[in-house]
Amino acid sequence: MSLKAGIVGLPNVGKSTLFNAITKKHILAANYPFATIEPNVGVVTVPDTRLDYLVSLYNPKSIVPTTFEFIDIAGLVSGASQGEGLGNKFLSHIREVDSIVEVVRCFDDENITHVAGKTDPIRDVEIINTELILADLEIASNRLGKIEKKAETTKDKESIKEVTVLRKIKDNLEKSIPIRLIDFDEDELLIIKNFNFITQKKLIYVANVDEMAASIGDNEYSLKLKELAFKEKSSVVVMCAKLESELADLEDSEKKKFLQDLGITNSGLDKLIFATYDLLGLATFFTSGTDECRAWTFKKGMKAPECAGIIHSDFEKGFIKAEVMSYNDLENLGSELKVKETGKLRLEGKDYLMQDGDIVYFRFNV
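Residues numbered from 1 in each chain as written. Predicted model: local features only at pLDDT ≥ 70, side-chain atom pairs only at ≥ 80, totals over all residues. Heavy atoms only, no water.

Colleague: Mind showing me how you'd approach the overall build of the protein here?
Modeller: Assigned secondary structure in the protein consists of 15 helices and 13 strands. Pairs at least 24 residues apart make up 69% of the contacts formed inside the protein by residues separated by at least 6 positions. Roughly 18700 Å² of accessible area belongs to the protein as shown, and the carbon and sulfur atoms make up 48% of that amount. (Helix = DSSP H or I, 4+ residues; strand = E, 2+ residues; numbered from the N terminus. Contact = heavy atoms within 4.5 Å. Areas by Shrake-Rupley, 256 points an atom, 1.4 Å probe, with all protein chains shown as cover.)

As C-alpha cells, this is what we get:
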C-alpha cells in the first residue's frame, strides 16, 4: 500500500529543511535505503519496535519495514489558485497525495526573511488554506456549470444527485469551510471520489519552532496554531526542522544521547510519521519467519482477505484461512511454539477484522 504525504507551506517556513531531514534519515533494511527516489520524493520507514523484536527472534535473511513517501511540493504563495508562483504545478502535485503536512513558521529569525514580513502562524495558515479552498471551489463551480442544465432538462437521477452534493460543497467552500469538515453519506462520498478535492484530504500541521521551544514543547506561536487546529479538528506536531536535519546525520546512539540532553523523548520526525499514519486510520500487520520479517500497512476495518490481497492479489482470490497470533502474545510468551502450546494461535476466516499487531500466515488456493 503506497502512502504519500505532501509537505506544503509558504516560502521560508522550514519546509525544505524538514524535507532534507527526511531524505537523510537512515532505515533498517539495506534493500530499502532511505533515499530521494525523485528530486522531490523521500521515502521514510514507520519506526516500529515490534519489527525489531521479530527480527531478534527470527534472525531473518530479509527485513522489510513499512514505508511512507513524503513529497516536497513546490512552495505556495498567495494567488496560487490563479496560477501565481508555481501555483498550477503545486495544485496538480497536491492532488496526488493521501494527506497534507502543512509546515507553519513558528519561530523568529531576522536572518531568514518572512515572505509576509513577520511571523504570524494564523495569517500563514489562512493564506494557504484560502488558496486550497479557492482551487476546490473552481473545480466544483466548473462542474456545476456543465451538469446543472443537464440535470434540469433530463431529470436524470444520477445527475441530480451530483448537482446536489456539488452545491453543498460550493456553499460550504464559499463560507471558507474545507470539504473534510462537511458531513457526507456513503453515496455522496462515491459521487465526489473522482474529483480528488484538495480540502477533502486529511491535514496535519507542523509547528516549526526553534531549538529552545522544541525542548520545552511549545512557544506562543505554536500555542496559537494549536488553538486554530483544535477548531478545525486537526492536529499539530511541534518540531524544529533545523534540529531534525542535524539529527539525521548522527548515528542512533548519538541521536538518542543528543535528544536526552535536550530533554526530548522522540524526534519530531518520528512524531510526524506516527501522527500521519494515525491520521489516515492506518495500522500494521506482520509476516515473519527465518526468510523474511515484514511489516505491512492496512486500513483499520479491513478484513483478512483484503489484507491478504495487499501481499498478492492471488492471496485474496484464493483465501482459505488466516493463521493469526497477536504480537503481544508472542512477546509475552517468548516463542511461536509457546503461542501454539497455549492455544493462542488462531484460525480466522473471511469475516475476521484484522488488528494492529497481528502476525499472520495466509492459507490460500488458486
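Alright, that's what it looks like, and here's the rest.
Colleague: I would appreciate a short explanation of a negative patch on the surface in the present structure.
Modeller: A surface patch of like charges, here negative, comprises D108, D210, E211, E220 and E246. The class of D108 is exposed, set by a relative accessible area of 52%. (Patch = residues over 30% accessible without salt bridge, like charges linked within 9 Å, V, L, I, M, F, W, Y side chains within 5 Å. Salt bridge = Lys/Arg side-chain N within 4 Å of Asp/Glu carboxyl O. Lys, Arg positive; Asp, Glu negative; His and termini not counted. Charge placed at Lys NZ, Arg CZ, Asp CG, Glu CD. Buried < 20%, exposed > 50% of the residue type's maximum accessible area, 1.4 Å probe, protein only.)

Colleague: Would you explain the packing of helix α4 (residues 121-154) against helix α5 (residues 157-173) in this entry?
Modeller: For any two helices packed against each other, the geometry is given by the interaxial angle and the distance between the axes. Contact geometry for α4 and α5: axes closest at 9 Å, N-to-C directions at 150°. Relative to α5, the element α4 is oriented roughly antiparallel. Here α4 runs over α5; the crossing is left-handed. Each of I133, D136, L137, A140, S141, R143, L144, I147, E148, K150, A151 and E152 in α4 lies in contact with α5, whose residues at this interface are S159, I160, E162, V163, L166, R167, I169, K170 and L173. Here the residues of the contact of α4 with α5 are counted per class, giving eleven nonpolar, two polar and eight charged. (Axes fitted to C-alpha atoms, helices over the stretch in contact; angles between N-to-C directions. Parallel < 35°, antiparallel > 145°, perpendicular 65-115°, else oblique. Left-handed = near helix turned anticlockwise from the far one by under 90°. Nonpolar A, V, L, I, M, F, W, Y, C, P; charged D, E, K, R; others polar.)

Colleague: Is there a simple way to explain the pattern of salt bridges in this structure?
Modeller: A side chain with one charge may pair with a side chain of the opposite charge, provided their charged atoms come close. As enumerated under the stated definition, the model contains 17 salt bridges in all. A salt bridge links K161 to E158, with the nearest nitrogen and oxygen atoms 3.9 Å apart. Placement of both K161 and E158 in helix α5 is noted, with a separation of three residues, approximately one turn of the helix. Close ionic contact of K170 with E174 constitutes a salt bridge, the shortest N to O distance being 2.9 Å. One network of salt bridges, with partners in common, ties together D48, R50 and D356.

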